[in-house]
Amino acid sequence: MTDRTPGATPPAVPGTTPVGTGTGRPAPEPFGARLRRAMDTRGPLCVGIDPHGSLLTAWGLDDDVAGLERFTRTTVEALADRVAVLKPQSAFFERFGSRGVAVLEKAVAEARAAGALVLMDAKRGDIGSTMDAYARTYLAPESPLFSDAVTLSPYLGFGSLRPALDAAAAAGSGVFVLALTSNPEGAEVQRATAADGRSLARVMLDHLAAENAGATPLGSAGAVVGATLGDVGADLAINGPLLAPGIGAQGATPADLPRVFGAAVGDVVPSVSRGVLRHGPDVSALREAALRFADEVRTAVAGG
Ligand SMILES: O=C(O)c1cc(=O)[nH]c(=O)n1[C@@H]1O[C@H](COP(=O)(O)O)[C@@H](O)[C@H]1O
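Not measured: the values here are computed from a predicted model. (Residues numbered from 1 in each chain as written. Predicted model: local features only at pLDDT ≥ 70, side-chain atom pairs only at ≥ 80, totals over all residues. Heavy atoms only, no water.)

### Comments concerning the sheet that holds strand 2 (residues 85-88)
Strand order in this closed barrel of 8 strands is 1-2-3-4-5-6-7-8, and the pairing throughout is parallel. Taken pair by pair, the neighbouring strands of this sheet meet at an average axis angle of 30 degrees, ignoring direction. As paired strands, strand 3 (residues 117-124) and strand 4 (residues 149-152) are joined by 3 bridges and run parallel to one another. Looking at strand 4, one finds that M120 is bridged to V150. (Pairing = 2+ DSSP bridges. Helix = DSSP H or I, 4+ residues; strand = E, 2+ residues; numbered from the N terminus. Axes fitted to C-alpha atoms, helices over the stretch in contact; angles between N-to-C directions.)

Have a look at this one:
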(Lines give C-alpha, C1' and ligand atoms only; values in the text may rest on other atoms or scores of the structure.)
Protein backbone atom coordinates (compact mmCIF):
# COMPACT_ATOMS: atom_id res chain seq x y z
CA MET A 1 0.00 0.00 0.00
CA THR A 2 1.23 3.49 -0.78
CA ASP A 3 2.44 5.40 2.29
CA ARG A 4 0.35 8.60 2.54
CA THR A 5 1.82 9.89 5.81
CA PRO A 6 3.03 13.49 5.68
CA GLY A 7 6.66 13.67 4.60
CA ALA A 8 6.67 10.15 3.15
CA THR A 9 8.42 9.74 -0.17
CA PRO A 10 5.71 9.86 -2.83
CA PRO A 11 5.60 7.20 -5.52
CA ALA A 12 7.74 7.84 -8.58
CA VAL A 13 5.98 9.89 -11.24
CA PRO A 14 4.52 7.33 -13.66
CA GLY A 15 6.41 6.99 -16.91
CA THR A 16 9.50 8.81 -15.69
CA THR A 17 12.86 7.79 -14.31
CA PRO A 18 14.01 10.00 -11.46
CA VAL A 19 16.57 12.49 -12.73
CA GLY A 20 20.21 11.62 -12.18
CA THR A 21 19.76 8.10 -10.83
CA GLY A 22 21.30 4.91 -12.10
CA THR A 23 24.34 6.48 -13.75
CA GLY A 24 26.84 4.22 -11.96
CA ARG A 25 29.11 7.24 -11.39
CA PRO A 26 30.45 8.06 -7.89
CA ALA A 27 28.23 10.41 -5.91
CA PRO A 28 29.16 14.09 -6.44
CA GLU A 29 30.12 16.25 -3.46
CA PRO A 30 26.89 17.58 -1.94
CA PHE A 31 25.95 21.22 -2.51
CA GLY A 32 25.88 21.96 1.24
CA ALA A 33 29.53 20.98 1.61
CA ARG A 34 30.53 22.96 -1.48
CA LEU A 35 28.60 25.98 -0.25
CA ARG A 36 30.13 25.85 3.23
CA ARG A 37 33.61 25.81 1.68
CA ALA A 38 32.77 28.70 -0.64
CA MET A 39 31.36 30.72 2.27
CA ASP A 40 34.50 30.04 4.33
CA THR A 41 36.94 30.94 1.58
CA ARG A 42 35.12 33.70 -0.31
CA GLY A 43 32.88 35.08 2.43
CA PRO A 44 29.17 34.41 2.85
CA LEU A 45 27.65 36.53 0.11
CA CYS A 46 25.33 35.95 -2.82
CA VAL A 47 25.09 38.60 -5.51
CA GLY A 48 21.98 38.52 -7.66
CA ILE A 49 22.18 39.13 -11.39
CA ASP A 50 18.94 41.01 -12.00
CA PRO A 51 19.16 42.86 -15.32
CA HIS A 52 16.31 45.31 -14.77
CA GLY A 53 15.64 47.51 -17.79
CA SER A 54 16.35 50.55 -15.59
CA LEU A 55 19.77 49.16 -14.67
CA LEU A 56 20.66 48.51 -18.31
CA THR A 57 19.77 52.12 -19.03
CA ALA A 58 21.77 53.38 -16.05
CA TRP A 59 24.75 51.42 -17.36
CA GLY A 60 24.42 53.21 -20.71
CA LEU A 61 23.10 50.09 -22.43
CA ASP A 62 20.02 49.54 -24.55
CA ASP A 63 17.24 47.51 -22.97
CA ASP A 64 17.62 44.74 -25.54
CA VAL A 65 19.41 41.40 -25.91
CA ALA A 66 22.75 43.04 -26.71
CA GLY A 67 22.44 45.17 -23.55
CA LEU A 68 21.45 42.13 -21.53
CA GLU A 69 24.43 40.20 -22.86
CA ARG A 70 26.87 43.01 -22.04
CA PHE A 71 25.43 43.60 -18.57
CA THR A 72 25.57 39.91 -17.74
CA ARG A 73 29.07 39.37 -19.12
CA THR A 74 30.39 42.35 -17.15
CA THR A 75 28.79 41.18 -13.91
CA VAL A 76 30.11 37.64 -14.30
CA GLU A 77 33.57 38.92 -15.20
CA ALA A 78 33.60 41.23 -12.18
CA LEU A 79 32.31 38.83 -9.57
CA ALA A 80 32.39 35.15 -10.49
CA ASP A 81 35.97 34.61 -9.41
CA ARG A 82 35.40 36.16 -5.97
CA VAL A 83 31.87 35.88 -4.56
CA ALA A 84 30.58 32.61 -3.13
CA VAL A 85 27.27 32.58 -4.99
CA LEU A 86 25.86 34.30 -8.07
CA LYS A 87 22.08 34.23 -8.40
CA PRO A 88 20.73 35.04 -11.86
CA GLN A 89 17.05 35.93 -11.73
CA SER A 90 15.59 33.96 -14.62
CA ALA A 91 12.68 36.33 -15.30
CA PHE A 92 14.98 39.11 -16.44
CA PHE A 93 16.41 36.80 -19.09
CA GLU A 94 13.15 35.09 -20.07
CA ARG A 95 11.61 38.47 -20.91
CA PHE A 96 13.77 38.44 -24.07
CA GLY A 97 12.60 34.96 -25.11
CA SER A 98 14.99 32.31 -26.37
CA ARG A 99 17.81 34.77 -27.02
CA GLY A 100 17.63 35.93 -23.41
CA VAL A 101 17.68 32.35 -22.19
CA ALA A 102 20.77 31.77 -24.35
CA VAL A 103 22.49 34.62 -22.49
CA LEU A 104 21.48 32.98 -19.22
CA GLU A 105 22.89 29.61 -20.30
CA LYS A 106 26.23 31.17 -21.15
CA ALA A 107 26.32 33.10 -17.87
CA VAL A 108 25.67 29.94 -15.85
CA ALA A 109 28.50 28.07 -17.58
CA GLU A 110 30.97 30.97 -17.31
CA ALA A 111 30.18 31.75 -13.69
CA ARG A 112 30.59 28.11 -12.69
CA ALA A 113 33.85 27.85 -14.65
CA ALA A 114 35.17 30.87 -12.72
CA GLY A 115 34.41 29.17 -9.41
CA ALA A 116 31.13 30.76 -8.30
CA LEU A 117 28.26 28.58 -7.23
CA VAL A 118 25.25 29.43 -9.39
CA LEU A 119 21.88 29.63 -7.71
CA MET A 120 19.22 29.85 -10.40
CA ASP A 121 16.44 32.08 -9.10
CA ALA A 122 13.47 30.54 -10.90
CA LYS A 123 11.08 30.00 -7.95
CA ARG A 124 9.52 26.96 -9.58
CA GLY A 125 6.74 24.93 -8.02
CA ASP A 126 4.14 22.65 -9.64
CA ILE A 127 2.52 19.24 -9.44
CA GLY A 128 5.03 16.41 -9.20
CA SER A 129 5.00 15.36 -12.86
CA THR A 130 5.71 18.94 -14.00
CA MET A 131 8.19 19.39 -11.17
CA ASP A 132 10.07 16.49 -12.71
CA ALA A 133 10.48 18.56 -15.89
CA TYR A 134 11.71 21.55 -13.88
CA ALA A 135 14.16 19.24 -12.14
CA ARG A 136 15.44 18.13 -15.53
CA THR A 137 15.85 21.79 -16.53
CA TYR A 138 17.89 23.04 -13.58
CA LEU A 139 19.20 19.99 -11.76
CA ALA A 140 20.17 17.48 -14.46
CA PRO A 141 23.88 17.76 -15.32
CA GLU A 142 23.21 17.35 -19.05
CA SER A 143 20.88 20.40 -19.16
CA PRO A 144 22.22 23.71 -20.55
CA LEU A 145 20.73 25.44 -17.49
CA PHE A 146 22.22 23.01 -14.96
CA SER A 147 22.91 24.99 -11.79
CA ASP A 148 24.40 24.40 -8.38
CA ALA A 149 21.03 25.20 -6.83
CA VAL A 150 17.58 26.51 -7.69
CA THR A 151 14.90 28.44 -5.80
CA LEU A 152 11.58 26.60 -5.37
CA SER A 153 8.11 27.61 -4.24
CA PRO A 154 6.49 24.98 -1.97
CA TYR A 155 2.95 26.26 -2.00
CA LEU A 156 1.61 23.32 -4.02
CA GLY A 157 2.71 21.26 -1.03
CA PHE A 158 6.25 20.44 0.03
CA GLY A 159 5.85 16.87 -1.23
CA SER A 160 5.27 18.16 -4.77
CA LEU A 161 8.93 19.27 -4.76
CA ARG A 162 10.17 15.67 -4.32
CA PRO A 163 11.43 15.24 -7.93
CA ALA A 164 13.60 18.34 -7.51
CA LEU A 165 14.84 17.30 -4.06
CA ASP A 166 15.84 13.88 -5.40
CA ALA A 167 17.43 15.30 -8.56
CA ALA A 168 19.41 17.82 -6.50
CA ALA A 169 20.69 15.09 -4.20
CA ALA A 170 21.71 12.91 -7.15
CA ALA A 171 23.55 15.76 -8.90
CA GLY A 172 25.24 17.27 -5.83
CA SER A 173 23.06 20.35 -6.25
CA GLY A 174 20.85 22.17 -3.78
CA VAL A 175 17.47 23.81 -3.46
CA PHE A 176 16.28 26.94 -1.67
CA VAL A 177 12.64 26.69 -0.69
CA LEU A 178 10.61 29.84 0.02
CA ALA A 179 9.75 29.93 3.73
CA LEU A 180 9.43 33.57 4.85
CA THR A 181 9.95 35.84 1.88
CA SER A 182 11.25 39.39 2.06
CA ASN A 183 8.11 41.04 0.64
CA PRO A 184 5.35 42.27 2.97
CA GLU A 185 2.63 40.38 1.02
CA GLY A 186 4.21 37.02 1.86
CA ALA A 187 2.91 36.94 5.42
CA GLU A 188 -0.69 36.38 4.27
CA VAL A 189 0.25 32.91 3.07
CA GLN A 190 3.40 32.03 4.95
CA ARG A 191 2.18 32.97 8.43
CA ALA A 192 -1.23 31.36 7.94
CA THR A 193 -1.92 28.46 10.25
CA ALA A 194 -1.85 24.88 9.00
CA ALA A 195 -4.32 22.25 10.23
CA ASP A 196 -1.93 21.15 12.99
CA GLY A 197 -1.49 24.70 14.36
CA ARG A 198 1.95 25.41 12.89
CA SER A 199 2.44 28.35 10.52
CA LEU A 200 2.95 27.33 6.89
CA ALA A 201 6.47 28.75 7.07
CA ARG A 202 7.14 26.52 10.11
CA VAL A 203 5.84 23.51 8.18
CA MET A 204 8.30 24.23 5.36
CA LEU A 205 11.19 24.81 7.76
CA ASP A 206 10.42 21.52 9.51
CA HIS A 207 10.35 19.66 6.18
CA LEU A 208 13.72 21.18 5.29
CA ALA A 209 15.21 20.26 8.67
CA ALA A 210 14.08 16.67 8.06
CA GLU A 211 15.72 16.69 4.60
CA ASN A 212 18.98 17.90 6.14
CA ALA A 213 19.04 15.60 9.16
CA GLY A 214 22.50 14.15 9.70
CA ALA A 215 24.14 16.10 6.86
CA THR A 216 27.54 17.52 7.60
CA PRO A 217 28.91 20.18 7.47
CA LEU A 218 25.63 21.55 6.09
CA GLY A 219 22.61 20.07 4.32
CA SER A 220 21.74 20.96 0.75
CA ALA A 221 18.06 21.84 1.27
CA GLY A 222 18.00 25.55 2.04
CA ALA A 223 15.29 27.97 3.06
CA VAL A 224 14.65 31.52 1.87
CA VAL A 225 14.07 33.93 4.74
CA GLY A 226 14.04 37.66 4.05
CA ALA A 227 16.61 39.84 5.79
CA THR A 228 13.89 42.50 5.92
CA LEU A 229 11.69 40.70 8.45
CA GLY A 230 13.19 41.65 11.81
CA ASP A 231 12.89 39.12 14.61
CA VAL A 232 10.76 36.39 13.00
CA GLY A 233 10.20 34.60 16.30
CA ALA A 234 11.05 31.23 14.76
CA ASP A 235 13.91 28.80 15.22
CA LEU A 236 15.58 28.95 11.83
CA ALA A 237 18.16 26.23 12.44
CA ILE A 238 17.47 23.66 9.73
CA ASN A 239 21.03 22.32 9.34
CA GLY A 240 20.90 23.86 5.89
CA PRO A 241 21.68 27.18 4.26
CA LEU A 242 19.42 30.20 4.73
CA LEU A 243 19.26 32.55 1.75
CA ALA A 244 18.57 36.06 3.03
CA PRO A 245 17.46 38.41 0.23
CA GLY A 246 16.35 41.94 0.88
CA ILE A 247 19.71 43.53 1.62
CA GLY A 248 20.35 46.81 -0.17
CA ALA A 249 17.45 48.03 -2.33
CA GLN A 250 14.75 46.51 -0.08
CA GLY A 251 16.17 48.25 2.97
CA ALA A 252 17.84 45.53 5.05
CA THR A 253 21.52 45.73 5.98
CA PRO A 254 24.04 43.08 7.03
CA ALA A 255 23.74 44.45 10.59
CA ASP A 256 20.12 43.17 10.65
CA LEU A 257 21.14 39.55 10.17
CA PRO A 258 21.79 38.53 13.82
CA ARG A 259 18.35 39.87 14.86
CA VAL A 260 16.55 37.94 12.11
CA PHE A 261 18.50 34.69 12.26
CA GLY A 262 19.67 34.43 15.88
CA ALA A 263 21.76 31.33 16.51
CA ALA A 264 21.43 30.24 12.86
CA VAL A 265 23.25 33.32 11.55
CA GLY A 266 26.35 31.27 10.68
CA ASP A 267 24.35 29.40 8.03
CA VAL A 268 23.06 32.56 6.33
CA VAL A 269 23.90 33.47 2.74
CA PRO A 270 22.85 37.12 2.47
CA SER A 271 21.79 38.13 -1.00
CA VAL A 272 22.00 41.51 -2.66
CA SER A 273 21.24 42.40 -6.27
CA ARG A 274 20.58 46.08 -7.07
CA GLY A 275 22.70 47.19 -4.08
CA VAL A 276 25.77 45.89 -5.94
CA LEU A 277 24.64 46.16 -9.56
CA ARG A 278 23.90 49.88 -9.32
CA HIS A 279 27.67 50.43 -9.04
CA GLY A 280 28.29 49.15 -12.59
CA PRO A 281 29.31 49.12 -15.32
CA ASP A 282 32.74 49.78 -13.83
CA VAL A 283 34.20 46.38 -12.95
CA SER A 284 36.28 47.68 -10.02
CA ALA A 285 33.29 49.50 -8.56
CA LEU A 286 31.19 46.33 -8.76
CA ARG A 287 33.96 44.38 -7.04
CA GLU A 288 34.38 46.99 -4.32
CA ALA A 289 30.65 47.07 -3.62
CA ALA A 290 30.51 43.27 -3.29
CA LEU A 291 33.58 43.29 -1.08
CA ARG A 292 32.04 45.94 1.18
CA PHE A 293 28.88 43.86 1.64
CA ALA A 294 30.94 40.71 2.29
CA ASP A 295 33.02 42.55 4.93
CA GLU A 296 29.90 43.95 6.60
CA VAL A 297 28.37 40.47 6.67
CA ARG A 298 31.50 38.97 8.23
CA THR A 299 31.48 41.67 10.92
CA ALA A 300 27.77 41.18 11.62
CA VAL A 301 28.05 37.39 11.81
CA ALA A 302 31.08 37.63 14.11
CA GLY A 303 28.98 39.77 16.46
CA GLY A 304 30.92 42.96 15.90
O1 LIG B 1 14.40 33.93 -3.85
C2 LIG B 1 14.85 35.08 -3.89
O3 LIG B 1 15.98 35.31 -4.25
C4 LIG B 1 14.03 36.16 -3.30
C5 LIG B 1 13.20 35.80 -2.26
C6 LIG B 1 12.60 36.80 -1.49
O7 LIG B 1 11.96 36.53 -0.49
N8 LIG B 1 12.79 38.10 -1.85
C9 LIG B 1 13.55 38.47 -2.93
O10 LIG B 1 13.73 39.67 -3.16
N11 LIG B 1 14.12 37.48 -3.71
C12 LIG B 1 14.87 37.85 -4.93
O13 LIG B 1 16.05 38.53 -4.56
C14 LIG B 1 16.31 39.61 -5.47
C15 LIG B 1 16.29 40.90 -4.70
O16 LIG B 1 16.83 41.92 -5.47
P17 LIG B 1 17.30 43.31 -4.83
O18 LIG B 1 16.11 43.82 -4.07
O19 LIG B 1 17.65 44.12 -6.01
O20 LIG B 1 18.47 43.02 -3.94
C21 LIG B 1 15.26 39.51 -6.55
O22 LIG B 1 15.78 38.74 -7.61
C23 LIG B 1 14.13 38.77 -5.90
O24 LIG B 1 13.37 38.01 -6.83
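### Quick look at the packing of aromatic side chains
Tallying each qualifying case throughout the model produces 2 aromatic pairs. Ring centres of W59 and F71 lie 4.1 Å apart, and the angle between their planes is 35 degrees; this geometry places the pair in the tilted category. On the criterion of sequence distance, the pair formed by W59 in the loop between helix 2 (53-58) and helix 3 (65-79) and F71 in helix 3 is long-range, its members being 12 residues apart. For W59, a relative accessible area of 7% puts it in the buried group. Residue classification places F71 among the buried residues on the basis of a relative accessible area of 0%. (Phe/Tyr/Trp six-rings, centres within 6.5 Å; stacked < 30°, edge-to-face > 60°. Buried < 20%, exposed > 50% of the residue type's maximum accessible area, 1.4 Å probe, protein only.)

### Examining the UniProt feature "domain: Orotidine 5'-phosphate decarboxylase" (unreviewed entry) in the protein chain
As annotated by UniProt and renumbered to match this structure, "domain: Orotidine 5'-phosphate decarboxylase" (unreviewed entry) occupies residues 44-289. Span residues 44-289 is 39% helix and 16% strand, its end C-alpha atoms 14 Å apart. (UniProt positions renumbered as here; feature names shortened; annotations may be inferred.)

### What about the site of the ligand?
Of all residues adjacent to the ligand, which total 17 residues, the nearest are D50, K87, S182, Q250 and R274. Between an oxygen atom of the ligand and a side-chain N or O atom of D50, the distance comes to 2.5 Å. Between Q89 and the ligand, the recorded distance is 3.4 Å, taken from a side-chain N or O atom to an oxygen atom. Alone, the ligand offers 500 Å² of accessible surface; in the complex the protein occludes 90% of this. By residue class, the composition of the shell around the ligand is 6 nonpolar, 6 polar and 5 charged. (Near = heavy atom within 4 Å. Polar contact = N/O pair within 3.5 Å; in protein donor to acceptor, adjacent residues only side chain to side chain. Areas by Shrake-Rupley, 256 points an atom, 1.4 Å probe, with all protein chains shown as cover. Nonpolar A, V, L, I, M, F, W, Y, C, P; charged D, E, K, R; others polar.)

### Regarding the confidence of the model for the protein chain
Considering every residue of the protein chain, the mean pLDDT works out to 93; 92% of them sit at 70 or more. A low-confidence stretch, residues 1-16 stays under pLDDT 50, and its non-local contacts, those more than four residues away or across chains, total 12 contacts. Of the two predicted TM-score estimates for the complex, the pTM is 0.93 and the ipTM is 0.99. (pLDDT = per-residue confidence, 0-100. Contact = heavy atoms within 4.5 Å.)

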